[in-house]
Structures are given as C-alpha cells and as structure tokens.
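Fold and contact review
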Amino acid sequence: MVADPALKAALPFIILLAWAAVTCFRTPLRFMSVAIPASLHLAAVAVLSATVYRGGAIRFVSGAQWLPAGVTVRIDGLACVLAIVTALVMSACAAYSLGYFQLHRRRRSKNLARERFFWPLLAVIWCALMVLWVSGDLLTAYIALELLGLCAAAMMLLPDRTEAVSAGMRYLFFMLLGSLTYLLGAGMCYAVYGQIDFAGIAKAAQPSTLHWMAVSFMGAGLMLKAAVFPLHGWLPAAHAHAWSPVSAIHAALVVKGSFFVLVHIWVSMVPEAAAASQLVGFAGAAAIVWGGLMALRRQKIKEIVAYSTIAQLGYLLLVVPLTAGAEADAAAMAWQGAWLHFISHALAKAAMFLSVGNLMLAMGRADLEGLAGAEGCLPLSLLVFGLAAVTIIGLPVSGGFTAKWMLLHSALLSGQWHWVAVLSAGTLLGAAYIFRVFKYALAAGTDVDCHVPLPVGKEAAAFILAMAAVLLGVFAGWPLMFIGFGGGAPWP
C-alpha cells in the first residue's frame, strides 16, 4: 500500500529525468519526440491528482541523522493544479520551440549554435518546478530553486549575442545573490528551531530578533529571484534578449517558483503579522503601478511584456495582507483568488510571449513601429496576443477577471479599501499599454512582407494557451475545488 502512492508520486519525475537524459544525446526534431514524453508526464500527473483527490494529501518524510525533521514532500491539491498547469505551459513551449528552431535553421541563423543544450535544460527546469510544487521544507525548496535558477540562467546564455550574454550573466549574478541570502535566512531558522519542515516551523514559530532576521533574509532573497519591485532590475533585459520560448517559460513559471516559496514561508512563520503583511502588500502595489507605467513608456514589444510581468506579480503579493489576520471567508477568498491569478497569468503570459515571438519573426523588427501591418501578415498571432491580453487586463470572462474579482471581494470583506484602488489602477494601466500595442499593430503598414511561412505548431501552441487562460474564468470551479481541497485553508 505504501509503494503504490510512492510510485505514482515518483513517476512524473522519472519521465522528465529520462527525457532530459535522452535529449542530451538526441535533439528533438519532430513533434512526436516532444508529444510522447509530454503526454506520458501529463498522464502520470493526472493519475497522481486523482489519487490525491480520492485519498487526500500525500506526505513523505525522508529521515536523516543531520536533519531532525528530515526532507519533506507534500503533494496536495494545489501542488497537483500547479503540476498540471506546468505541464500544459511547458508542453506548449516545447512544441513552439520545434518550429522556432526550424524557422531559424531555414534562415541559417548563427543564433542557434547552442540549440542542442535547450532541450535537456527545458526538461530539468520542468522537473525542478515539479519538485518545488511538492516541497515541504526549506532544504527541498532551496535545492529546487537553485536547480531552477541555474538552468534558467543557462537558457538565457544560449543565444550567441553580446546583449543576451550580458543580460544572462546579470540574471545569474542576482539569482546567486538571492540564493545566498535565502540560504543565510534558512540557516538562521534552523539554528532557532532545529528543524526545516514548514509544518514543524509553523508550530514552533515564536517572534524574536533572530526569527525576524531569518524571515527578512529569506524574504529578500526570494523577492530578488522573483523580480519583485524594487528588486526587479534584471528582468526586462533578460526577457528582451532571450529566445522567445525561454522568455515564455521564465515569465510564466520560473519567477513564480520563488513566489511560491515566499508565500509558504510567510504562512508558516508570520501568518498574523499585520504590519509586516501590509509592507509586503505595499511592495506589491508599487510593482503594479511601476510595472504598468514602465510598460507604457517602452518601445520594444518584449520589454512591454516583461514590465507587464512585474506588474502582474504585484497582484500575487496582495495575498499576504489580505490573508493576515482576516476573517476566514475573506482569507479563503484571497487565497484562492491569488492562486487562480497565478495560474491564469502563467497561461496568458506564455501565450503572449510566444505570439510576440511570431510577430517579431514575421515583421523582422522588435519595436512597436515595426508591428504596422501585422493584422494582415499574422492575424492569428495578433488574435492570440489579444486573447492573452484579455486575461492580463482582467476582462470578463477570463481567468484574470475571476481572480481579480476574488481579490477585490476579499479586500471589501476585510475592510481593506486601499487595495481596491490598487486593483483598479492596475487594470487601467494594463488596458493602456495593451491598447498601445494594438494602436501600432493595426496601423497601415508600408512595404510589409507577409510571405513568412510559420510552422503550424508555432501559432497553435500559443492559441491553445491563450484560450485556456480565457476559459479558465468560465470553468474556475474545477481548479478552485482542488486549490481549496481540505477546507481551503492555507498551509501547512
């Protein structure tokens, strides 16, 4: 009986690691070489999710003499939802990448000299994200974050361009700085409580100077890795110069891994600290406003989408003040709304970056003025951008609308009216920079070469993600049921 759930839990990771090993020796060139491992992984995740739904959360503790609490793995409803979304986004990005590299090879681009390293890195990032979603202690989370950050930095260094290498090295520096800061805080936490398990720390947590130092160091390191304002300086350049599928993976999932751990630590160590929670909320509010304003000022389209990511991450931070000390109904509403926003943004932002990659390839330029005539050249890619924008702005009936409505409702229930103003301002700014893109794209273009054959998968993959983000608002009850599995209360 013990081996069965353990095997089901391990199978998704085994499939990804096997695929990573295979791609080290053979670069995928056909759709089936990506579809088969992705389908097997998704099926394994579905089986694991069904097991959790029927029998409740699965928890494993691997004992070690030097760690009193051991290494803890917890697979609950939220972890299963995130695993499914990760599988969808990574599968779509992998399918898109086949066409992306194929098109560059036709153009004899020197930018793909390191293409063979992309695929094993993608598989390892996928696996690291899976480990992160099920991590139940500080050490497991640190290992997953470190593997995730190193592989993401390696992906950004793949393009053979000076700007890309410079942006990738800058990201690597800040990622390592964030890891060291997090590790210092985790060491302080272990020194105080003698354990690293989130549930154990939650029971033993007592306010003290060392306790707050540990929280501060870990929080600062994670906020740096997640590009939370004002620690976001590395992100726009990194996304602007990376390959389009790399930007999509990083914006949709990689930066959110640090947010996942940040919320885990906050819930475990300072759930009732109202004053500190408000400070985190104000950082999120500043990110929403600053990201929106900077997106309005950018001329390069990938930079606009990158600053949009900074703004959207600010919404996620609002879960901290909206759940700290709030009534049960308001806290549960904020908790589920934040994770629904997490999911809908992952789908929409990946679709947006992939569609932007198509538009840049077709139009041959990376700035807004170069989009003139795009509606006649690549109407489907422009439609995908618009569908993704519906979720980013938060228009009905998208997943972004439902998520923001839940956050808004939570703010009203808890009497925190100032967050209502922040949510409203963020929506208006989002609409402004998105409509600015369409203003240029729908302008009449001159001398536009529309004969740019794109592989079918390049547009289809982005379209599926954008439609999933929109339909998530209609069928939000399904993921919310899983996210709230066990009463809807936050960890541990």
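Residues numbered from 1 in each chain as written. Predicted model: local features only at pLDDT ≥ 70, side-chain atom pairs only at ≥ 80, totals over all residues. Heavy atoms only, no water.

**Comments concerning the overall build of the chain**
Operational definition: Here a helix means four or more residues in a row that DSSP labels H or I, a strand means two or more in a row labelled E, and each is numbered from the N terminus. Note on classification: 1.4 Å probe, protein chains only; a residue is buried when its accessible area is under 20% of the maximum for its type, exposed when over 50%, partly exposed between these limits. A contact between two residues is defined here by any heavy atoms of the two lying within 4.5 Å. Shrake-Rupley sampling with a 1.4 Å probe provides the accessible areas, and residues are treated as covered by the protein chains on show and by no other component.
When helices and strands are counted, the chain shows 20 helices and 2 strands. Per-residue burial over the chain gives 60% buried out of 492 residues. Counting only contacts in the chain whose residues sit at least 6 apart along the sequence, the fraction spanning at least 24 positions is 81%. A total of about 18,800 Å² of accessible surface is found on the chain, and carbon and sulfur atoms cover 69% of it.

**Regarding unusual backbone geometry**
With an omega dihedral of 5°, the bond running from F229 to P230 counts as a cis peptide bond. Checked against the element boundaries, P230 lands in the loop between α8 (209-225) and α9 (235-241). With omega at 5°, the peptide bond leading from P396 into V397 counts as cis. With respect to the helices and strands, the residue V397 is situated in the loop between α16 (379-393) and α17 (399-413). Positive phi values are uncommon outside glycine, yet A227 reaches one of about 60°. Assignment of secondary structure puts A227 in the loop between α8 and α9. The class for A227 is buried, based on a relative accessible area of 0%.

**Comments concerning the nonpolar core**
Worth spelling out the cut-off: Residue types Ala, Val, Leu, Ile, Met, Phe, Trp, Tyr and Cys, when buried and joined through side-chain atoms within 4.5 Å, form a set referred to as a nonpolar core.
In terms of nonpolar packing, the biggest core is built from 180 residues, with I125 and L138 touching the most fellow members. For this core, the element with the most residues is helix α14 (residues 328-363), which contributes 20 residues. Beyond its immediate chain neighbours, meaning those up to four positions away, L138 contacts Y182, A186, C189, I196, F198, I201, M218 and I265.

**Things to note about the environment of A238**
Tracing the sequence through the fold places A238 in helix α9. Note: C-alpha distance between A238 and Y171 (67 residues apart in sequence) is 6.8 Å. Among all residues touching A238, those that are not within four sequence positions of it are M156 and A167.

**With respect to the side chain of S344**
Structurally, S344 can be placed in helix α14. Look past the residues within four positions of S344 in its chain and what remains in contact with it is T391, G399, G400, A469 and L472.

**Description of empty space enclosed by the protein**
Filter applied, for reference: The method works on a 1 Å grid over the protein atoms by themselves. A cavity is a set of points holding a 1.4 Å probe that cannot get out, a pocket is an open set with protein on both sides within 12 Å along at least five of seven lines, and residues with an atom within 4 Å of a point line them. Grid points are joined across faces, edges and corners, and a volume is the space filled by probe spheres set on the points. When residues are sorted by character, Ala, Val, Leu, Ile, Met, Phe, Trp, Tyr, Cys and Pro go into the nonpolar class, Asp, Glu, Lys and Arg into the charged class, and all the rest, Gly among them, into the polar class.
In this structure the tally under the stated criterion is 4 cavities of 30 Å³ or more. One number sums up the size of the largest cavity: a volume of about 70 Å³. Surrounding the largest cavity, L145, L148, G149, Y171, M175, K225, V254, V255 and S258 form its lining. Elements with a minimum of two residues in the lining of the largest cavity: α5 (138-156), α6 (162-193) and α10 (244-269). Here the lining of the largest cavity is built from residues that sort into 6 nonpolar, 2 polar and 1 charged.

**Quick word on the packing of aromatic side chains**
Here is the rule we go by: Pairing of aromatic rings covers Phe, Tyr and Trp, the last counted by its six-membered ring, and requires centre-to-centre distances within 6.5 Å; plane angles under 30 degrees mean stacked, over 60 mean edge-to-face, and any other angle means tilted. By definition, being over a ring means that NZ of Lys or CZ of Arg is both within 6 Å of the ring centre and within 35 degrees of the ring normal.
Using the criterion set out here, one finds 25 aromatic pairs in the structure. Taken together through their ring pairs, the aromatic side chains of W19, Y96, Y100, F101, F118, W119, W126 and W243 make up a single cluster. In this arrangement the basic side chain of K256 is found over the ring face of F342, its NZ or CZ atom lying 5.8 Å from the centre.

**Side note on α6**
We count it as follows: For a helix, the expected span equals 1.5 Å multiplied by the number of residues minus one.
For α6, spanning 32 residues, the distance from its first C-alpha to its last is 46 Å, which sits close to the expected 46 Å at 1.5 Å a residue. One or two steps after α6, the chain reaches G194, where phi turns positive at roughly 70°.

**As for the confidence of the model for the chain**
Applicable threshold: Confidence of the predictor in every single residue is expressed as pLDDT, which spans 0 to 100.
Taken as a whole, the chain shows an average pLDDT of 85; of its residues, 89% reach a score of 70 or greater. The least confident element of the chain is strand β2 (residues 67-75), whose mean pLDDT is 71; the most confident is helix α4 (residues 118-134), at 93.

**A short note on the pattern of salt bridges**
For clarity, the cut-off: Salt bridges are defined by distance alone: a side-chain nitrogen of Lys or Arg within 4 Å of a carboxyl oxygen of Asp or Glu.
Taken as a whole, this structure holds 3 salt bridges when the rule is applied. Across the salt bridge formed by D197 and R59, the nearest N and O atoms sit 3.2 Å from each other. Of this pair, D197 sits in the loop between α6 and α7 (198-204) while R59 sits in strand β1 (residues 58-64), placing them 138 residues apart in sequence. With a relative accessible area of 41%, R59 lands in the partly exposed category.

**Re the environment of A338**
Within the secondary structure layout, A338 lies in helix α14. Placed 18 residues apart in sequence, A338 and V320 show a C-alpha to C-alpha distance of 9.6 Å. If we ignore the near neighbours within four places in the chain, the residues touching A338 are L316, V319 and L407.

**Some remarks on the packing of α8 against α10**
What describes two packed helices is the angle between their axes and the distance between those same axes. The line we're drawing: Only the stretch in contact is used when fitting a helix axis, every axis being a line fitted to C-alpha atoms; angles between N-to-C directions are given from 0 to 180 degrees. Angles below 35 degrees are treated as roughly parallel, those above 145 as roughly antiparallel, those between 65 and 115 as roughly perpendicular, and all remaining angles as oblique. Should the near helix be turned counterclockwise from the far one by less than a right angle, the crossing is left-handed, whereas a clockwise turn marks it as right-handed.
Between α8 and α10, the least distance of the axes is 8 Å, while the angle of their chain directions is 160°. Classed by the angle they form, the pair α8 and α10 counts as roughly antiparallel. By crossing handedness, the relation of α8 to α10 is classed as left-handed. Within the contact between the two elements, α8 uses H211, V215, M218, G219, L222, M223 and K225 and α10 uses V255, S258, V261, L262, I265, W266 and M269. Taken together, the residues of the contact of α8 with α10 sort by class into 10 nonpolar, 3 polar and 1 charged.

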